[in-house]
Amino acid sequence: FYSLGGLYVFSLCLPSLAGQVWILTFIAFMLKLSEMAADCLTWVMTAEILTTEIRTRGHSAANAIHRIGGFICPYIIEGDVGLLTVGVIMFTQHVIAGLAVSCIPETKGRPLGTH
């Protein structure tokens, strides 16, 4: 879902779609849908796999990175960078997130707390 969200972000930045409100609205809706699905899956999977100590450290690190990203993002989007470059940057971030999530092991048939 993260990679799919990245494709939607990238497609929102294509100059050929400028002025086509209905298509952009649909793409933005699908982007939000894929982002929420990916977020929900990540929360459910990490709760099943990892112990509380590891989860709290991971959430703390993710919160710190989130705050740094929240600070930097307006400068990328509102700066003198073209829309296509913004799309490539955000697509790359989504691909990295998708690759990170794909490294989470399968838990089918395992008791909780073992990894």
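These lines cover the structure that appears in this document, whether it is placed above or below. In this text the structure is predicted, and so the values were computed from the model without any measurement.

Points about the overall build of the protein chain
So, point 1. Looking only at helices and strands, one finds four helices and zero strands in the protein chain.
So, point 2. In the protein chain, the order of α-helices and β-strands from amino to carboxyl end is α-α-α-α.
So, point 3. Whereas a compact globule of 115 residues would reach a radius of gyration of roughly 13 Å, the protein chain reaches 17 Å, over 25% beyond that.
So, point 4. Considering only C-alpha atoms, the protein chain reaches an extent of 50 × 30 × 15 Å along its principal axes.
So, point 5. The buried share of the protein chain, taken over its 115 residues, is 18%.
So, point 6. Put simply, 71% of the contacts in the protein chain that link residues at least 6 apart link residues at least 24 apart.
So, point 7. Total accessible area computed for the protein chain in this model is approximately 8,200 Å², and 72% of it derives from carbon and sulfur atoms.
So, point 8. Here the protein chain carries 6 positive and 7 negative side-chain charges, and the mean point of each set is 11 Å from the other.

Structural notes on the nonpolar core
So, point 1. Of all hydrophobic cores here, the largest spans six residues; its members are Tyr8, Val9, Leu17, Ile27, Met30 and Leu31.
So, point 2. Listing elements by their share of this core, those giving two or more residues are α1 (2–12) and α2 (21–49).
So, point 3. Counting residues per element, this core draws most heavily on α2, which supplies three residues.
So, point 4. Excluding residues within four positions of it along the chain, valine 9 makes contact with Leu31, Met90 and His94.

A closer look at helix α4 (residues 83–102)
So, point 1. Helix length check: α4 (20 residues) gives 28 Å between terminal C-alpha atoms against 28 Å at 1.5 Å per residue, within 8%.
So, point 2. The complete set of buried residues in α4 reads Val86, Gly87, His94 and Gly98. Projection of α4 onto a plane perpendicular to its axis shows the buried side chains occupying an angular sector of 105°, all on one side. Counted as exposed and oriented over 90 degrees from the buried face of α4: Ile96 and Leu99.

Focus: the environment of tyrosine 2
So, point 1. Considering the arrangement of structural elements, one finds tyrosine 2 in helix α1.
So, point 2. In this structure, the C-alpha to C-alpha distance between tyrosine 2 and glycine 98, residues 96 residues apart in sequence, is 5.0 Å.
So, point 3. Not counting residues up to four positions away in its chain, the partners in contact with tyrosine 2 are Ala38, Asp39, Thr42, His94, Ala97, Gly98 and Val101.

Rules used in this analysis
- Residues numbered from 1 in each chain as written.
- Predicted model: local features only at pLDDT ≥ 70, side-chain atom pairs only at ≥ 80, totals over all residues.
- Heavy atoms only, no water.
- Helix = DSSP H or I, 4+ residues; strand = E, 2+ residues; numbered from the N terminus.
- Rg over C-alpha atoms; globule rule 2.2 N^0.38 Å.
- Buried < 20%, exposed > 50% of the residue type's maximum accessible area, 1.4 Å probe, protein only.
- Contact = heavy atoms within 4.5 Å.
- Areas by Shrake-Rupley, 256 points an atom, 1.4 Å probe, with all protein chains shown as cover.
- Lys, Arg positive; Asp, Glu negative; His and termini not counted.
- Charge placed at Lys NZ, Arg CZ, Asp CG, Glu CD.
- Core = buried A, V, L, I, M, F, W, Y, C linked by side-chain atoms within 4.5 Å.
- Expected span 1.5 Å × (residues − 1).
- Arc of directions from axis to C-beta.

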